[in-house]
Amino acid sequence: MTAPAAAVRAALPRLLTTLAPYQAAVVRIGVAGTWGAYLLREWPHRRVLYGDRSPWSAELNERLLADTHAFTALSWSDGRWWFEAVYLLALLSALALALGWRTRASSVLFALTVLSLQNRNVFLGDGGDNLVHLMAIYLVFTRCGRVWSLDARRRARRPGRDPSEWGEPRALADALAAMLHNCAMLVIAVQVVLVYATAGWYKVQGTRWQDGTAVFYPLKLDYFTPWPELSGLLGGSLLVTFALTYGTVVMQVGFPFSLAARRLKNVLLAVMVVEHLAIALLLGLPFFSLAMVSADAVFLPTAFLLAVQARPAAWWAARRAAGRAGEPAGPAGEPAGPVEAVAAEPAGGSDG
């Protein structure tokens, strides 16, 4: 057997195993939560943005759809109540996907409603909508409800048969689904890399980015200054704007190369998350920033996500153990300390 064939054969069991379930769960929660929050914020204006009161009329949109062949369920009827039903369904599907309830069905419904609303008026959005658009499609092909979901909780309470007892057809379907999930997660990762690489290299070609003044201008625009005093403070320092401008370019151009060095990648990832949160605060673009942070989550280390999971799990186990042992509450109604609570837990452990 040749060396490449041996390598493929050795890697095949891993390829047929569902990889990165925690990262998929964070992307699911982040993307669905971002879109759901956006729909809730725009609830009073929904008819103007996507409905029968929109300046971009149904007739104009039909002419555009004839050229783009994009999908939108809102093209089936231009009535108000059909629009209201689709909008409400979009909200409910975002909630269901964020909670991980019937994830396979809710992910499909979520993707269809995202496409329906966004393709009804393609002139809305701040860039984050494009990322939500793509992630909604990719999530359909993932097993994003394996952890941190109501589906996972239901499976833990009512476990099914062991996979070895499924039979060959079911086992083959499960292996193919795992491979499809892994491919979709790879596509999500590649998409994020392309976003940063293209944004960074386009910035390199801009004269304002080359002379270090690009960040100065949005900080002086009323449309992008929800906190004028803070924006003025940052924009008033030449050194700060120069550092932010060059730092943004360096991070975006360098991020794809940092994937070869895990520690450097984690550092850049943390810095970019902070940068997106700063954009949300300083420029008033919260949904763009949340969409970017949600997509960035595909690169989060599994050890970090497990540590995040362990903290509330340990707190809940300690609380349940204290309740079973009947220990009195601590000061100000606080439960007993975690060490004493765990020590009082029955030998069988907690199922929380």
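The text that follows walks through the structure, step by step, so that each part is easy to find.

1. Re the environment of Gly51
Then, number 1: One can find Gly51 in the loop between helix H3 (46–49) and helix H4 (58–68).
Then, number 2: Taking the relative accessible area as the measure of exposure, Gly51 reaches 7% and is therefore buried.
Then, number 3: Sequence-wise, Gly51 and Glu84 are 33 residues apart; in three dimensions their C-alpha atoms are separated by 8.1 Å.
Then, number 4: With sequence-adjacent residues up to four places away left out, Gly51 is seen in contact with Arg46, Phe83 and Arg120.

2. A short note on the packing of aromatic side chains
Then, number 1: Enumeration over the complete set of coordinates arrives at 13 aromatic pairs.
Then, number 2: Note on Phe71 and Trp76: the rings are 6.1 Å apart at their centroids and 75° apart in plane angle, and the pair reads as edge-to-face.
Then, number 3: A network of ring pairs unites the aromatic residues Trp35, Tyr38 and Phe287 as a single cluster.
Then, number 4: Here Arg46 stacks its cationic end above the ring of Trp43, 3.9 Å away from the centre of that ring.

3. Topic: the pattern of salt bridges
Then, number 1: According to the stated counting rule, one finds seven salt bridges in the structure shown.
Then, number 2: Here Arg46 ties to Glu84 by a salt bridge, and the two come within 2.9 Å at their closest N and O atoms. In this pair, Arg46 sits in helix H3 while Glu84 sits in helix H5 (residues 80–99), placing the two residues 38 residues apart along the sequence. Both residues of the pair, Arg46 and Glu84, belong to the buried class.
Then, number 3: Taking the shortest distance from any N to any O, the salt bridge between Asp174 and Arg143 comes out at 2.7 Å. With Asp174 in helix H9 (residues 168–205) and Arg143 in the loop between helix H7 (128–139) and helix H8 (150–157), this residue pair connects regions lying 31 residues apart in the sequence.
Then, number 4: Under the relative-accessibility criterion, Arg143 is labelled buried at 10%.
Then, number 5: Each of the salt bridges in this network shares a partner with another, and the network as a whole consists of Arg46, Arg80 and Glu84.

What counts and what doesn't
- Residues numbered from 1 in each chain as written.
- Predicted model: local features only at pLDDT ≥ 70, side-chain atom pairs only at ≥ 80, totals over all residues.
- Heavy atoms only, no water.
- Helix = DSSP H or I, 4+ residues; strand = E, 2+ residues; numbered from the N terminus.
- Buried < 20%, exposed > 50% of the residue type's maximum accessible area, 1.4 Å probe, protein only.
- Contact = heavy atoms within 4.5 Å.
- Phe/Tyr/Trp six-rings, centres within 6.5 Å; stacked < 30°, edge-to-face > 60°.
- Lys NZ or Arg CZ within 6 Å of the ring centre and 35° of its normal.
- Salt bridge = Lys/Arg side-chain N within 4 Å of Asp/Glu carboxyl O.

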